[in-house]
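Tertiary structure, described
Spelled out, the chains give:
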Amino acid sequence: MTDLTRLTLTEARDGLKAKRFSATELTQAHIAAVEKGRALNAYVLETPEHALKQAAASDENLAKGEARPLEGLPLGIKDLFATEGVRTTACSKILGNFVPPYESTVSSQLWRDGAVMLGKLNNDEFAMGSSNETSAFGSVVNPWRRKGSNVGAGQGGAVEGNHLVPGGSSGGSAAAVAADLCLAATATDTGGSIRQPAAFTGTVGIKPTYGRCSRWGIVAFASSLDQAGPIGKTVRDCAAMLRSMAGHDPKDTTSVDAPVPDYEYAVGRSVKGRRIGIPREYRLEGLNPEIDALWQKGIDWLKAAGAEIVEISLPHTKYALPAYYIVAPAEASSNLARYDGVRYGLREQGRDIVEMYEKTRAAGFGPEVKRRIMIGTYVLSAGYYDAYYLRAQKVRTLIKRDFETVYADGIDAVLTPATPSAAFGIGEKGSADPVEMYLNDIFTVTVNMAGLPGIAVPAGVDGQGLPLGLQLIGRPFDEETLFSLGEVIEQAAGRFPVAERWWG
Ligand code: GLN
């Protein structure tokens, strides 16, 4: 039989329905791939028995001809999603061996629709990071290597030498999808954590409109910015995943009560006459010429498909990153107050309760998380609230207004690069200056600040042979247009599978 892990999610779905293979066979192939791929450190917990049980149930449904939308399809789940009876840590020591007694709404909808869980995926601690290096479980290795690099190709799949990061915070999700260790994965995006890792690994990732997916049961980072979304091998796969993940949930008051369209209909739909904005403020001085050239290619592809290209201005873009790094830490400092050694996971002993709190939090949080808590507490403190937090919120409104203005002028979507560079080396960025790492989010954070949907689609490779992505930003709740436009890019650029499975 051909290697079932090479299939896309929707190909596997169709293969199951046509009875070319069973859900159990499909799941077994993925379990074997996950084992072989351990050197990549994409999974922090494997749940093969759980997966096989779900697959057996799917086979029964398939035999009866009662296939649910994701029947029998093996997925990976970012460790930020609470999974009932299955350890959930947000890749932080402070959650220890926390086993939630409940399931996140988004993941419960995937199981409702028949999907199979292979395990929990690595991420930056509490989703704070752009490289997956802040995880308590260690870095994830990008399955992509620079042209000519043979690092880690040794016997037994041992990872050695200087590898690349997969991006973050959803680094495990992106690496697992790129390496065929699952058909698709859940991810979350607060400032770019779906789109940037997708761009670094040649995969597709969509951050839906704020409110499209329920945040209930997802470990909170910055509640007004966090959104769940899928990372998949193709635009169509992401459309199929989002259909199941999205929807109103009374348990999340910010989730929106609007019907969920069948997004797959939008894949392949004509984009003739669609007006695409090219924001001049994204043409950063010193922008990597390869990224600039790719952006131009994207423009040409969309034009060839009948879209109209319009130069636009989003004048407050330059304030988005500094404002994000006030708003996000402020909300994080408040959300993370709950990890006090009493309710979850880790507890260090102290002479009294205050010392217990202090010791637990000192031992449980990593350096990046502590930095965010300190910044957040500072900008919310009485003397600085107006100068920082309130001001950042005002800037946020202006950023949102920039988009409202261009959309009111008839723009359907905005095309930009997804990241300012291709994947960089593990240990290469941010150790001396955290801002160097934060700059990775330059093209993605505006989208979260404005609550809009954004998709990253692989569009080419750089001189070192590494994938690069383009981003499309849509109108609120118009993910469909992003799927249509994203597929045009996918058709023109082709897909970007990893050439060689050097890891095992
Ligand atoms: N890199 C950004 C940060 O560290 C975004 C992370 C995310 O989207 N979760 O805040």
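Residues numbered from 1 in each chain as written. Predicted model: local features only at pLDDT ≥ 70, side-chain atom pairs only at ≥ 80, totals over all residues. Heavy atoms only, no water.

We now examine the overall build of the protein. Within the protein, the regular secondary structure consists of 15 helices and 11 strands. For the protein, the spread of C-alpha atoms along the three principal axes comes to 65 × 60 × 50 Å. When burial is assessed residue by residue, the protein has 60% of its 504 residues classed as buried. Carbon and sulfur atoms form 52% of the exposed surface of the protein, whose accessible area is close to 18,700 Å². Positive and negative side-chain charges of the protein, numbering 53 and 58 respectively, have mean locations separated by a distance of 1 Å. (Helix = DSSP H or I, 4+ residues; strand = E, 2+ residues; numbered from the N terminus. Buried < 20%, exposed > 50% of the residue type's maximum accessible area, 1.4 Å probe, protein only. Areas by Shrake-Rupley, 256 points an atom, 1.4 Å probe, with all protein chains shown as cover. Lys, Arg positive; Asp, Glu negative; His and termini not counted. Charge placed at Lys NZ, Arg CZ, Asp CG, Glu CD.)

Each regular strand carries side chains that alternate between the two faces of the sheet. In terms of residue burial, strand 2 (residues 74-78) counts as a mostly covered element, since 5 of its 5 residues are buried. Neither face of strand 2 is open: one carries Pro74, Gly76 and Lys78, the other Leu75 and Ile77, and all of them are buried. In this sheet, strand 3 (residues 116-121) lies alongside strand 2 in parallel orientation, the contact comprising 5 bridges. Bridging across to strand 3, Leu75 finds its partner in Met117. For the crossover from strand 2 across helix 4 (residues 105-112) to strand 3, the handedness is right-handed. By the bridge criterion, 2 bridges tie strand 2 to strand 4 (residues 184-189) in an arrangement that is parallel. By the bridge assignment, Leu75 is partnered in strand 4 with Ala184. (Pairing = 2+ DSSP bridges. Right-handed = clockwise from strand over helix to strand, strands pointing away.)

The omega angle of the peptide bond from Gly168 to Ser169 is 10°, so this bond is cis rather than trans. The phi angle at Asn41 is positive, at roughly 60°, despite the residue not being glycine. Under the relative-accessibility criterion, Asn41 is labelled partly exposed at 22%. One non-glycine residue with positive phi stands out, namely Asn132, at about 65°. By the secondary structure assignment, Asn132 is in the loop between strand 3 and helix 5 (171-178).

A separate point is the packing of helix 7 (residues 235-245) against helix 15 (residues 479-493). Here helix 7 crosses helix 15 at 160°, and the two axes come no closer than 9 Å. As the angle between them shows, helix 7 and helix 15 are arranged roughly antiparallel. The way helix 7 lies across helix 15 gives a crossing that is right-handed. Each of Val235, Cys238, Ala239 and Leu242 in helix 7 lies in contact with helix 15, whose residues at this interface are Glu479, Phe483, Gly486, Glu487 and Glu490. For the contact of helix 7 with helix 15, the residue count by class is 5 nonpolar, 1 polar and 3 charged. (Axes fitted to C-alpha atoms, helices over the stretch in contact; angles between N-to-C directions. Parallel < 35°, antiparallel > 145°, perpendicular 65-115°, else oblique. Left-handed = near helix turned anticlockwise from the far one by under 90°. Contact = heavy atoms within 4.5 Å. Nonpolar A, V, L, I, M, F, W, Y, C, P; charged D, E, K, R; others polar.)

What follows is about the site of the ligand. Among the 15 residues in the neighbourhood of the ligand, the closest are listed as Thr190, Gly191, Ser193, Tyr324 and Arg372. The separation between a nitrogen atom of the ligand and a polar main-chain atom of Ala127 is 2.8 Å. Ser130 is positioned with one of its side-chain polar atoms (N or O) 2.9 Å from a nitrogen atom of the ligand. Across the complex, the protein chains shield 100% of the 290 Å² of accessible surface that the ligand would expose by itself. Of the residues in the shell around the ligand, the class split is 5 nonpolar, 7 polar and 3 charged. (Near = heavy atom within 4 Å. Polar contact = N/O pair within 3.5 Å; in protein donor to acceptor, adjacent residues only side chain to side chain.)

One open sheet accounts for 11 strands, arranged 1-3-2-4-6-5-10-11-9-7-8; its pairing is mixed. Each end of this open sheet is capped by a strand with a single partner; those strands are strand 1 (43-46) and strand 8 (308-312). The sheet shows a mean angle of 30° between the axes of neighbouring strands, taken without regard to direction. Packed onto the sheet, helix 3 (residues 48-63) meets strand 1 and strand 3 and runs at close to 155° relative to strand 3. Contacts between helix 7 and the sheet are confined to strand 2, strand 4, strand 5 (204-207), strand 6 (227-232) and strand 10 (454-461), with strand 6 contributing the most and set at about 145° to the helix.

Moving on: the pattern of salt bridges. Inspection of the entire model under this criterion finds 26 salt bridges. Between Asp180 and Arg501 there is a salt bridge, and its shortest N-O distance comes to 2.9 Å. Highlighted residues: Asp180 in the loop between helix 5 and strand 4 and Arg501 in the segment after helix 15, separated in sequence by 321 residues. By relative accessible area, which is 26% here, Arg501 ends up partly exposed. The salt bridge partner of Arg283 is Asp292, with a shortest N-O separation of 2.9 Å. Overlapping salt bridges, with partners in common, bring together Asp3, Asp180, Lys233 and Arg501 in one network. (Salt bridge = Lys/Arg side-chain N within 4 Å of Asp/Glu carboxyl O.)

Quick look at the nonpolar core now. If you look at the biggest cluster of nonpolar residues, it comprises 149 residues, and the most contacted ones within it are Phe126, Leu181, Phe403, Leu415 and Phe483. Considering each element in turn, this core owes the most residues, 10 residues, to helix 9 (residues 320-335). Discounting residues that sit within four places of it in the chain, Leu415 has contacts with Ile276, Gly277, Ile278, Pro279, Trp295, Gly298, Ile299, Leu302, Leu470, Gln471, Leu472 and Ile489. (Core = buried A, V, L, I, M, F, W, Y, C linked by side-chain atoms within 4.5 Å.)

Moving on: the side chain of Thr10. Within the element layout of this structure, Thr10 appears in helix 1 (residues 9-17). Among the residues examined, Thr10 registers a relative accessible area of 5% and is labelled buried. Here the side chain of Thr10 touches Asp237 through a polar contact of 2.8 Å, side chain to side chain. Sequence-distant contacts of Thr10, that is, excluding residues within four places in its chain, are made with Arg236, Asp237, Ala240 and Glu264.

With that settled, consider the side chain of Thr89. As for its placement among the helices and strands, Thr89 is situated in the loop between strand 2 and helix 4. With a relative accessible area of 0%, Thr89 lands in the buried category. Looking at Thr89, its side chain comes within polar contact range of the side chain of Asp79, at 2.5 Å. One polar contact links the side chain of Thr89 to the main-chain amide nitrogen of Cys91, over a distance of 2.8 Å.

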